Amino acid sequence: MAGNDWLNSYLEAIIDAGPNLGDAKSSLLLRERGHFSPTRYFVEEVITGFDETDLHRSWARASATRSPQERNTRLENMCWRIWNLARKKKQLEGEEAQRVAKRHIDHERGRREATADMSEDLSEGEKGDTVSDLPAQADNFKGQMRRINSIDVMENWASQHKEKKLYIVLISLHGLIRGENMELGRDSDTGGQVKYVVELARALGTMPGVYRVDLLTRQVSAPDVDWSYGEPAEMLHPVNSENPVQETGESSGAYIIRIPFGPKDKYISKELLWPHIPEFVDGALVHIIQMSKVLGEQIGNGQPVWPIAIHGHYADAGDSAALLSGAINVPMLFTGHSLGRDKLEQLLKQGRQSNEEINATYKITRRIEAEELTLDASEVVITSTRQEIEQQWSLYNGFDPVIERKLRARIRRNVSCLGRFMPRMVIIPPGMEFHHIIPQDGDMDGEIEGSGVDPSSPDPPIWAEIMRFFTNPRKPMILALARADPKKNITTLVKAFGECRSLRELANLTLIMGNRDDIDEMSSTNASVLISILKLIDKYDMYGQVAYPKHHKQSEVPEIYRLAAKTKGVFINPAFIEPFGLTLIEAAAHGLPIVATKNGGPVDIHRVLDNGLLVDPHDQQSVANALLKLVADKQLWGRCRQNGLKNIHLFSWPEHCKTYLARIACCKQRQPEWQKPDDGFESSGSDSPGGSLRDIQDISLNLKLSVGDEKNEGSRTLDNYLDSEENAVNGKSKLENAVSSLSKGVSVGTQKDGSIYKSEHHIGSSKSPALRKRKYIFVIAVDGDGTTDFLESIKMVVETVRKDNYAGSVGFILSTSLAISEMHSLLVSGGLSHSDFDAFICNSGTELYYPSSTSEDGTPGLPFLLDSDYHSHIEYRWGGEDLRKTLLRWAASTTDEKAEEGPIVSEDKSGSTTHCYVFKVEKPESIPSIKELRKSMRIQALRCHVIYCQNGNKLNIIPVLASRSQALRYLHVRWGIDLSHVVVFVGEHGDTDYEGLLGGLHKTVILKGVGCSVGKHHAHRYYPLEDVVPFDSPNITQTEGCNSNSIRASLGKLGVLKV
């Protein structure tokens, strides 16, 4: 429906028909005696244009009403309801236009600021770069595919990395995932992504040089799903592959690992998983650490084998992968599958829901923020098509093609990027298994020659299920395979088929629209689409020409393609926008020509396969003409078929995995940097829990490690070589040189005593840190205006625990935005000793200290020992001094428009450290919201966390992989503390990183009445707190009051203390 002008004309027509409304002989529903009824036409057009179930029901009730007067009244009321809908739609469209304009202005301003320091002109060669590695022209595209997927190159890769035996972690959280008999289409969460990740894991597990692949997902033990989804592990057995596993081992291969998180006996949709993400991250972290040790014993000479990369699929898994990669300091990859901003744009354009309504349904703002975080943390973002990069990722604050091109140019010239970073966007089309596919020849009368199919074998049952619909089943079959979803545009296809008599005479139409038992049990949207299709079949009298079976198995889909090919049919994907189009590849592999939408991934597929026609999905006549052309012209049909079969190998899983592994080599390899043969610790003779860091004299933790020249040599990446013009030497390809150099860099770093890093000094004590021996660890992380709430909470918690005689088996950690000097002053003022605590997380999670008996080996003038390993752990994408200069310019530009008293933000040099830049806020009410600051940083390609502290009086800028919650995960990885035995104490509100402390395996106690005055900055977050915190979790409890008895009662509820 276009707009109010269109609508008003029909309302006027209704008013003009007013005098006749009382005439019993006149009917607004019928076109009697050749007279045109504008009301009926208006209502039918609007109902067709609106996907609103309640409107359809109103229409049905009006149609069933016998009294003409009552019927007319119902229709009049319905028209006014539709008019109100149209007004609302126009209002939403106006708001959306303003939002798009503002975003464009913000991006342009951020781009200018980001490029101000990178003003060097690009050379002519650099100007030719695009935002991905695949050129737009077809010839160049195919040449690029041959280069990157060279078998010789991958043999070089395999031989160079044979001893490495890679460990890869994939994550896909939502839906029901298993290796066999996947229930695709069971619900909106169990679709193509499930099939993709399972087949990717299985294919990677067969690649040379890959020892183990873990696909992490959610364990579901619900009564309404199959028991197999509750199994903790499932091996993915390899299928016939071009690249069989060269070496096997006890734990080798590909596995589905199911991590329990969220409601234990309930299967929930992906929109409801967000509050439970931290619990998954902690559970996955436990698995990865255990598996790294197991693999270390098998293939790592006793040294843990960490994942070479963690790959998140979809926003929820991307959010998880970012936290996991930061916790163990390994590279991260991401595949979006579908993107939140693009979905939000489409929903707002429809004009049926406001932003608030969309967010309530889809949790879209939480999803978008997760996708922004993946841009902050990812080394590589894998896309299926160029359209995904240019039209979808470009909507995000964290990605700008212009800045990305400039940064890559500077990297090539070895010029500083001035603290700015951008993930690498690469196009790797999804793969497919072709070993079981036999392209269908012959027709319905003749049998197949040389195809390997037994002519005497019975037809598959699904064939009979489809052909029973047809009067003449021997006609070519037009096949569409998609959900009954409005965006799949099936109704346009049915209209095109119904209104083209020539097409109906030549072909049949088969619609495979998922599985259903009863239309009334389908979702309202899907039911509405299906009902519209059934009405169109009736309207055009297409009985005997259209098949729409209710059920099919996933294993029967290849047989459906084979039937269409046997009838010399055509496959069509008429979706308005198709992110990739895996069904098009499947159809081509079975020898079917295609007709596909020209919007999205099919353009790239068609460029490679050249096996059909692209159409405008909005143009019904164009769809009909393309189908008719392929069905009627047998020479064109045969040419398209052969082209598809000839080039389909470019979309095989082996080709996909070769490119995938080459791109992993682009990443600068990272891993926990304290690893040594024995980690520097031996078990003490006594296993008494009374041992403590504070009881160990002259302890000297091995906290300063370096790799010297070896590290610098090994840090050269494949990406540099792929982009360099000087490295094609002695006839070798760039990729060969890169792989060879990368392998040399890795081998150099492993020369010293089997250790990756060289120690400057060693442990002076044989005792292990107390953190390893604590039964429970209490983390006090209370935020407030100043330090009063924090100090009182510390005293209250310590005194409460000590009353129960848990001395020795319980440790304490302080977690705060304060600097260590401020923390020391606070302890002294409260009469507390630093030796009462096992660790101190300071500066919003960027500094980690342990108590020391002397300041000689620790912080100058203070009795604390700095964990410098932790600094190397959070160093990733930290802009350092260049970031600081940008922040100083921003601070100088912040002024109060109502007063001319200079900047309202100033640098706090005394509180700042190398990994935390602190700014004093003179007027908290005048500064931008936290989401605006993060947006500004991302637009300029500055990767950092922005945190308002102490009720907005201070602003901490920290590395993107640092936080107080991540510091706890670091302690888990570093010292082996049990996160399920950690209790975190927080107030009712806190700093803007407060939410990260509430979820996970650890237990949380919310102190009632504490931190109530610091909640105002949370009102400006991207999403409600309920979208990220599982307040109904048994691991979270709130005290009745802030006193010893209430705290003891809460700890009793959590099972920590006996009450």
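Going by the structure above, here's the rest.
These notes cover the structure that comes with them.

**A word on the overall build of the protein chain**
- Looking only at helices and strands, the protein chain features 35 helices and 28 strands.
- The buried share of the protein chain, taken over its 1059 residues, is 59%.

**A closer look at helix 25 (residues 653–664)**
- An ideal rise of 1.5 Å per residue puts 16 Å on 12 residues; helix 25 measures up with 16 Å between its terminal C-alpha atoms.
- The element helix 25 is largely enclosed, with a buried count of 12 among its 12 residues.
- Burial in helix 25 covers these residues: W653, P654, E655, H656, C657, K658, T659, Y660, L661, A662, R663 and I664.

**Thoughts on the pairing of strand 24 (residues 944–949)**
- Taken across its 6 residues, strand 24 has 5 buried, putting it largely inside the fold.
- Across 6 bridges, strand 24 lies against strand 25 (residues 954–959) in antiparallel orientation. Bridge pairing in strand 25 places V946 opposite I957.

**Let's talk about the sheet that holds strand 12 (residues 570–573)**
- Pairing is parallel across the open sheet formed by 6 strands, whose spatial order is 11-10-9-12-13-14. With partners counted over all chains shown, the strands left at the sheet margins are strand 11 (546–547) and strand 14 (612–615), one partner each.
- In the sheet, strand 9 (residues 477–481) pairs with strand 12 via 2 bridges, with the strands oriented parallel. In the sheet register, L479 faces strand 12, and the bridge partner there is F571.
- The strands touched by helix 21 (residues 582–589) are strand 9, strand 12 and strand 13 (594–597); relative to strand 12, the strand with the most contacts, the crossing angle is about 175 degrees.

**What about the pattern of salt bridges?**
- The tally for this structure, following the rule as stated, stands at 35 salt bridges.
- Across the salt bridge formed by D214 and R212, the nearest N and O atoms sit 2.9 Å from each other. Considered together, D214 and R212 belong to a single accessibility category, that of buried residues.
- Put simply, R774 and D838 hold a salt bridge, and the shortest N to O gap is 2.9 Å. Highlighted residues: R774 in the loop between strand 16 (758–759) and strand 17 (776–780) and D838 in the loop between helix 30 (820–829) and strand 19 (839–842), separated in sequence by 64 residues.
- You can call R774 buried: its relative accessible area is 9%.
- Salt bridges sharing common partners tie together R178, E183, R186, D187 and D226.

**Quick word on the sheet that holds strand 24**
- With antiparallel pairing, the 4 strands of this open sheet are ordered in space as 22-23-25-24. Two strands in the sheet have a free side with no partner beyond their single neighbour: strand 22 (905–907) and strand 24. Neighbour-to-neighbour, the strand axes of this sheet turn through a mean angle of 25 degrees, independent of strand direction.
- Running over the sheet, helix 32 (residues 880–893) touches strand 22, strand 23 (917–921), strand 24 and strand 25 and is turned about 10 degrees from strand 23.

**Remarks on the packing of aromatic side chains**
- Here the structure, examined in full by the defined rule, presents 15 aromatic pairs.
- On the basis of an interplanar angle of 55 degrees and a centroid distance of 5.8 Å, the ring pair of Y561 and F571 is categorised as tilted. Taken together, the residues Y561 in helix 20 (residues 557–566) and F571 in strand 12 connect sequence positions 10 residues apart. Of the two residues, Y561 and F571, neither departs from the other in class, the shared state being buried.
- An angle of 85 degrees between the planes, with centres 6.0 Å apart, marks the rings of Y850 and W975 as edge-to-face. In this pair, Y850 sits in strand 20 (residues 847–851) while W975 sits in helix 34 (residues 964–975), placing the two residues 125 residues apart along the sequence. The burial state of Y850 is the same as that of W975; both residues are buried.
- Feature note: the residues F778, F812, F837, F840, Y849, F864 and F985 constitute an aromatic cluster, connected by ring pairs.
- We note R218 situated over the ring of F261; from NZ or CZ to the ring centre the distance is 5.8 Å.

**Structural notes on the pairing of strand 14**
- Pairing of strand 13 with strand 14, which is carried by 4 bridges, proceeds in the parallel orientation. Note on strand 14: the bridge partner recorded for I594 is G612.

**Examining the side chain of E578**
- Relative to the helices and strands, E578 is located in the loop between strand 12 and helix 21.
- When its relative accessible area of 10% is taken as the criterion, E578 is described as buried.
- For E578, the side chain forms a polar contact with the side chain of N573, separated by 3.2 Å.
- Among all residues touching E578, those that are not within four sequence positions of it are K488, N573, T597, N599, G600, G601 and P602.

**What about the nonpolar core?**
- Of all hydrophobic cores here, the largest spans 101 residues; its most connected members are I171, F280, I310, L324, W393 and L971.
- Considering each element in turn, this core owes the most residues, 10 residues, to helix 9 (residues 277–299).
- If near-sequence neighbours (up to four positions away) are discounted, L324 is found in contact with I171, F280, V281, A284, L285, I288 and I310.
- Within the second largest apolar cluster, 72 residues are counted, among which are I462, V615, L636 and F651.

**Regarding the packing of helix 23 (residues 620–632) against helix 24 (residues 634–647)**
- It is the contact of helix 23 with helix 24, at a shortest axis distance of 5 Å, that shows an interaxial angle of 95 degrees. Here helix 24 runs roughly perpendicular to helix 23, going by the angle between their axes. Between helix 23 and helix 24, the contacting residues are K629, L630, V631 and A632 on the first element and K634, L636, W637 and C640 on the second.
- When grouped by side-chain class, the residues that make up the contact of helix 23 with helix 24 number 6 nonpolar, no polar and 2 charged.

**A few points about the side chain of T206**
- Following the sequence through the fold, T206 ends up in the loop between helix 8 (192–204) and strand 2 (210–218).
- Judged by its relative accessible area of 7%, T206 falls in the buried class.

About the criteria used
Residues numbered from 1 in each chain as written. Predicted model: local features only at pLDDT ≥ 70, side-chain atom pairs only at ≥ 80, totals over all residues. Heavy atoms only, no water. Helix = DSSP H or I, 4+ residues; strand = E, 2+ residues; numbered from the N terminus. Buried < 20%, exposed > 50% of the residue type's maximum accessible area, 1.4 Å probe, protein only. Expected span 1.5 Å × (residues − 1). Pairing = 2+ DSSP bridges. Contact = heavy atoms within 4.5 Å. Axes fitted to C-alpha atoms, helices over the stretch in contact; angles between N-to-C directions. Salt bridge = Lys/Arg side-chain N within 4 Å of Asp/Glu carboxyl O. Phe/Tyr/Trp six-rings, centres within 6.5 Å; stacked < 30°, edge-to-face > 60°. Lys NZ or Arg CZ within 6 Å of the ring centre and 35° of its normal. Polar contact = N/O pair within 3.5 Å; in protein donor to acceptor, adjacent residues only side chain to side chain. Core = buried A, V, L, I, M, F, W, Y, C linked by side-chain atoms within 4.5 Å. Parallel < 35°, antiparallel > 145°, perpendicular 65-115°, else oblique. Nonpolar A, V, L, I, M, F, W, Y, C, P; charged D, E, K, R; others polar.

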